[in-house]
Amino acid sequence: EVQILESGGGLVQPGGSLRLSCAASGFTFDNYAMSWVRQAPGKGLEWVSAISGSAHTTYYGDSVTGRCTISRDNSKNTLYLQMTSLRADDTAVYYCVKDQSSWPTDFFDSWGQGTLVTVSS
Amino acid sequence: IQMTQSPSSLSASVGDRVTITCRASEGIGRYVNWYQQKPGKAPTVLISEASTLQSGAPSRFSGSGSGTDFTLTISSLQTEDFATYYCQHSYSTPPWTFGQGTKVEIK
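To start, this report covers the structure provided alongside it. (Residues numbered from 1 in each chain as written. Chains lettered and ligands numbered in written order. Predicted model: local features only at pLDDT ≥ 70, side-chain atom pairs only at ≥ 80, totals over all residues. Heavy atoms only, no water.)

**Side note on the overall build of chain A**
Check the secondary structure of chain A and you find zero helices and 11 strands. What you see in chain A, going N to C, is helices and strands ordered as β-β-β-β-β-β-β-β-β-β-β. Projected onto its principal axes, the C-alpha coordinates of chain A cover approximately 40 × 25 × 25 Å. For chain A, the residues scored as buried account for 50% of the 121 residues in total. Relative to all contacts within chain A whose residues are 6 or more apart in sequence, the contacts with residues 24 or more apart total 56%. Only carbon and sulfur atoms are counted for the fraction: they give 46% of the accessible area of chain A, which is about 5300 Å². (Helix = DSSP H or I, 4+ residues; strand = E, 2+ residues; numbered from the N terminus. Buried < 20%, exposed > 50% of the residue type's maximum accessible area, 1.4 Å probe, protein only. Contact = heavy atoms within 4.5 Å. Areas by Shrake-Rupley, 256 points an atom, 1.4 Å probe, with all protein chains shown as cover.)

See the structure below:
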């Protein structure tokens, strides 16, 4: 059974940094691309970033380019999102999602339960 | 590529046939996926590549379309189908944008 568990969310001040983690199990981790998708309170879904199964290729959405870094440790079956220069509009639930293929993107076939990031003073 | 869903919300009764449309700002072949999200829960995939029903999705859900215009149809709405539905493109290069969502409510 595929299991995806995010952690690392919380309250952070504007301009601060945060690192989200995502522990995955139940599948061969390095065979699949992974992404982060976020959802602001009461709003729709926004794709944030993706990384290939090998970790050689990364992609970012316009709203986080230059402020976020996606990475993965395939030996630990863990995905990360390092976020810096956080702004109020980064406030959202951040979902870790598994892609159907090794190369981003096909479709997202498994989602974690999400971790809430709140940017506020 | 922008994805525009319509309507943004709808009210329907159990047993109704429901259709949600998604229009892409440029041609994207059949690279559209549909997700269902219930309140307080993560989304789940229903349809991939415009019309492929994913494992676990009920057969009353179907998808169609290609190019710029896509449709998600629920043939006979059930109580458990009241949720928000999102289209998303997976064409070529990112960003792989989602539509703004369609909330299906009980009439």
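Moving on from the coordinates now.
**With respect to the pattern of salt bridges**
Opposite charge on two side chains allows them to pair when their charged atoms are near. Summed over all chains, the structure comprises nine salt bridges over all chains. With a closest N to O distance of 2.8 Å, A:Asp109 and A:Lys98 form a salt bridge. Taken together, the residues A:Asp109 in strand S10 (residues 108-111) and A:Lys98 in strand S9 (residues 92-99) connect sequence positions 11 residues apart. Among the ionic pairs, B:Asp81 bridges to B:Arg60, the shortest N-O distance being 2.7 Å. Of this pair, B:Asp81 sits in the loop between strand S8 (69-74) and strand S9 (84-89) while B:Arg60 sits in the loop between strand S6 (52-53) and strand S7 (61-66), placing them 21 residues apart in sequence. (Salt bridge = Lys/Arg side-chain N within 4 Å of Asp/Glu carboxyl O.)

**Details of the sheet that holds strand S5 (residues 44-48) of chain B**
Residue and element names in this part refer to chain B. Reading across from one edge, S2-S10-S9-S4-S5-S6 is the order of the six strands in this open sheet, with mixed pairing throughout. The two strands at the open ends of the sheet, each matched to only one other strand, are strand S2 (9-12) and S6. Two strands pair when backbone bridges link them, and S2 and strand S10 (residues 102-106) are joined in this way by four bridges, in the parallel orientation. The residue of S10 that forms the bridge with Ser11 is Glu105. (Pairing = 2+ DSSP bridges.)

**Remarks on the interface of chain B and chain A**
On the chain A side, the residues contacting the 17 residues of chain B number 18 residues. When the two sides are added together, the surface that chain B and chain A hide from each other amounts to roughly 1500 Å², 68% of it contributed by carbon and sulfur. The largest contributions to the chain B side of the interface with chain A come from B:Pro43, B:Trp96 and B:Phe98, which together make up 37% of the buried area. Where chain B packs against chain A, one counts zero salt bridges. (Buried area = accessible area lost by both parts, 1.4 Å probe.)

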